[in-house]
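Per-entry structural report
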Amino acid sequence: MSISKKRLHVITWGCQMNVYDSARMADVLAPLGYAPADAPADADMVILNTCHIRDRATEKVFSELGRLRVVKAERAAIGQNTILAVAGCVAQAEGAEILARAPYVDIVLGPQTYHRLPEMVAQASRAAGAVIDTDFPVESKFDFLPDDAAAQTAGGLTAFLTIQEGCDKFCSFCVVPYTRGAEASRPAAAVIAEARRMVAGGAREITLLGQNVNAWHGVDAQGAPSTLGRLLRELAAIPGLARLRYTTSHPRDMDDDLLAAHADVPAVMPFLHLPVQSGSDRMLASMNRKHTAADYLDIVARLRKARPDIALSSDFIVGHPGETEADFEATLVLIRAVGFAQAFSFKYSPRPGTPAAGAPMQVPEAEKDRRLQALQALLRDQQAAFNAACVGRTLPVLITGPGRYPGQIAGRSPYLQPVHLDGPLSLVGREIPVRIAAAHTNSLAGEPFMDRVAA
Ligand code: SF4
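First, a word on scope: everything that follows refers to the structure included in this document. (Residues numbered from 1 in each chain as written. Predicted model: local features only at pLDDT ≥ 70, side-chain atom pairs only at ≥ 80, totals over all residues. Heavy atoms only, no water.)

Further remarks concern the overall build of the protein. For the protein, the helix and strand inventory stands at 14 helices and 21 strands. What you see for the protein is a C-alpha radius of gyration of 23 Å, in line with the 23 Å of a compact globule of 455 residues. Scored against the burial criterion, the 455 residues of the protein give a buried share of 52%. For the protein, long-range pairs separated by at least 24 residues make up 73% of all intrachain contacts whose partners lie at least 6 apart in sequence. (Helix = DSSP H or I, 4+ residues; strand = E, 2+ residues; numbered from the N terminus. Rg over C-alpha atoms; globule rule 2.2 N^0.38 Å. Buried < 20%, exposed > 50% of the residue type's maximum accessible area, 1.4 Å probe, protein only. Contact = heavy atoms within 4.5 Å.)

Time to look at the sheet that holds strand 14 (residues 271–273). The sheet built from three strands is open, its strands ordered 14-15-16 with parallel pairing. Each of the sheet's edge strands pairs with one partner strand only, and the pair in question is strand 14 and strand 16 (342–347). Within the sheet, the average angular offset between the axes of one strand and its neighbour, ignoring direction, is 10°. As defined by bridge partners, strand 15 (residues 311–318) adjoins strand 16 across six bridges and the pair is classed as parallel. (Pairing = 2+ DSSP bridges. Axes fitted to C-alpha atoms, helices over the stretch in contact; angles between N-to-C directions.)

Right, let's talk about helix 5 (residues 117–125) for a bit. Taken residue by residue, helix 5 has L117, M120, V121 and A124 as its buried positions. Buried positions in helix 5, seen along its axis, are confined to an arc of 100° and lie on one side of it. (Arc of directions from axis to C-beta.)

What you see with strand 19 (residues 418–422) is a clean split: V419 and L421 sit on the buried side and P418, H420 and D422 on the side with no burial. Examined bridge by bridge, strand 18 (residues 408–412) and strand 19 share five bridges and lie antiparallel to one another. Residue pairing in the sheet places G411 in a bridge with V419 of strand 19. Linkage of strand 18 to strand 19, two consecutive antiparallel strands, is achieved through a turn of five residues, within which L416 is found at a positive phi near 70°. When strand 19 meets strand 21 (residues 444–446), the two strands line up parallel, connected through two bridges.

Tallying each qualifying case throughout the model produces three aromatic pairs. Considering the side-chain rings of F170 and Y178, the 5.5 Å spacing of their centres and the 75° angle between planes classify their relative orientation as edge-to-face. With relative accessibility at 36%, the residue F170 sits in the partly exposed group. Taking relative accessible area as the criterion, Y178 reaches 38% and is therefore assigned partly exposed. (Phe/Tyr/Trp six-rings, centres within 6.5 Å; stacked < 30°, edge-to-face > 60°.)

Written as structure tokens, this is what we have:
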């Protein structure tokens, strides 16, 4: 049977999980003949993979859909059909509302139903009307992904592998438990098999993904209960795999196994993104974070004991309802106590349907702005200090490709900093020692690497 060639364009907003999901949607559509298109105007199908985390997410979706409606109409005028699909967290949260406000959309699908996409495309192609599927099926979408998907999604030296989805923590400000559902872990054997395929496809660094990745649990090869720490050990044994990372973690799930993996699995990189959100216990309780500032500092101390060179990144929210100046000051105190290499910080903005959205004592916008600026100034200083402290050190750098200029190559440090240096392209794929000569805001410059042994 011959399959006619069609083109697919995916627009991805949001986190690495969405980037990964977009690649998986492309994978499940490949057998239907869909190849990538560079622009919506060239595509027989456009998927808008959305994120609900950022401010005014829903409105942004509808304004993008307005643009895609024009593209769809222009293509229709020359006799070309365009299937328009909305996926991701906004699709999950808004569901039928999307079809009500944008009736030209053909498919609305939630993050748990990507494996059903070919069936939905077939239905939409038969002009049977719009298709909507935002169920949380009993079976996991993990069970339905094609076996050779990894070979298609890996496509590089650094790969992402989803091992966990959803969250049971219900932080007051977050939509994830409502849009991604309850915590679900992908079986260890499937994770290890996919990692092997990724490595066979050329990956040297794998980042394990999950909304609450360190809540991952399963059984190991001997049938014993397993945790993320044990899974990291099993993955580190894959020949050719040099580096492992995982994100995003919750402090409550940093168990002893995981801390031990940081101590004695060299492939686990000494860099961890561990959101704390606030340094005030009052705010942490009101955010339903289930940990205190002291708990967080204790984890940081244990991580540093396990791996003295570990660098930390975090997320912060300023202006959560009820946050006083003293609460905000407590966050600055925590930041000074930890010293972050990197961080993401946001003003609180209400997400419909979350407990904090309707809470009293919303902080005025101008006050949130002031706090955010003060917090970001401190975090910027810490990042600059961390990068500056790398100058003069020799760091192992995984070379991932050519740099921006002729003769230049680029890679990343153990701390996820981009590193540029002069060197031959034959080094791509290798982890080499690089002496750091200079630090910039978001990257490092290495001394030229003289590679006498590279083929
Ligand atoms: S732990 Fe993370 S994903 Fe889960 S509810 Fe809290 S912020 Fe959202």
